[in-house]
Amino acid sequence: REPNNANAWCFWGIAMHDLRRYDEAISAYENAIKLQPIFPIAFNNLGNSLRFVGRVSEADKCFETALAQAPGYFN
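Below is a short write-up of the structure. Because the structure is predicted, anything quoted here is derived from the model rather than measured.

**Concerning the packing of aromatic side chains**
Using the criterion set out here, one finds one aromatic pair in the structure. Plain terms: the ring middles of Y22 and F52 are 4.7 Å apart, the flat faces sit at 20 degrees to each other, and that makes the pair stacked. On the criterion of sequence distance, the pair formed by Y22 in helix α2 (residues 22-35) and F52 in helix α3 (residues 40-52) is long-range, its members being 30 residues apart. Y22 gets classed as buried once you look at its relative accessible area, which sits at 15%.

**Regarding helix α4 (residues 56-69)**
For α4, built from 14 residues, the straight-helix expectation of 20 Å at 1.5 Å per residue is met to within 8% by its first-to-last C-alpha distance of 20 Å. What α4 keeps buried is the set A59, C62, F63 and A66. Burial along α4 is one-sided: seen end-on, the buried residues are contained in an arc of 100 degrees. Exposed side chains of α4 directed beyond 90 degrees from the buried face belong to S57, K61, E64 and A68. Contact partners of the buried residues in α4: α3.

**Some points on the nonpolar core**
In this structure, C10, A32, F39, A42, L46 and L50 are the most contacted members of the largest nonpolar core, which totals 19 residues. Only α1 (6-18), α2, α3 and α4 provide two or more residues apiece to this core. Looking at this core, the element that brings in the most residues is α2, giving six residues.

**So, the pattern of salt bridges**
Inspection of the entire model under this criterion finds three salt bridges. Its salt-bridge partner being E24, residue R21 comes within 2.7 Å of it at the nearest N-O pair. Residue class for R21 comes out partly exposed when judged on its relative accessible area of 37%. D60 is the partner of R51 in a salt bridge, and the nearest nitrogen-oxygen pair spans 2.5 Å. Assessed through its relative accessible area of 38%, R51 is described here as partly exposed. The class for D60 is partly exposed, based on a relative accessible area of 30%.

How each quantity is defined
- Sequence order as written defines residue numbering, which begins from 1 separately in each chain.
- For a predicted model such as this one, the threshold for reporting local features is a pLDDT of at least 70, and the threshold for listing and counting side-chain atom pairs is 80 or more; totals across whole chains, interfaces and linings nevertheless cover every residue.
- Side-chain numbers here rest on the full set of heavy atoms in the structure, without hydrogens or water.
- Aromatic pairs are defined between Phe, Tyr and Trp rings, using the six-membered ring for Trp, whenever the two ring centres lie within 6.5 Å; interplanar angles under 30 degrees are classed as stacked, those over 60 as edge-to-face, and all others as tilted.
- Note on conventions: DSSP H or I runs of at least 4 residues are helices, E runs of at least 2 residues are strands, and numbering of each starts at the N terminus.
- Exposure is judged per residue with a 1.4 Å probe applied to protein chains only, and the accessible area is read against the type maximum: over 50% gives exposed, under 20% gives buried, and values in between give partly exposed.
- By definition here, a helix of n residues has an expected span of 1.5 Å times n minus one.
- Each C-beta atom gives one direction from the helix axis, and the arc is the one those directions make.
- Whether two residues touch is decided by their heavy atoms; if any such pair falls within 4.5 Å, the residues are in contact.
- By nonpolar core is meant a set of buried Ala, Val, Leu, Ile, Met, Phe, Trp, Tyr and Cys residues that side-chain atoms within 4.5 Å join together.
- The salt bridge criterion pairs a side-chain nitrogen of Lys or Arg with a carboxyl oxygen of Asp or Glu, the two atoms within 4 Å.

Read these as spatial facts, not as claims about activity.
Below, the structure is given as structure tokens:
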């Protein structure tokens, strides 16, 4: 891992999500966002992982943030 690389954290989150290790994915996406606050992909992926652990309202806020950061993101 590269602890100061937001993209590396995001890719780690994707890997953890794919392994159904959702809590680790959430942590990875949160680290990515701390390093790079404007990161619609990380917010969207964080939302997906949050939904899998039942944190729906938090997930929806992440999706809203992703959309606010990149208005055409979901098209």
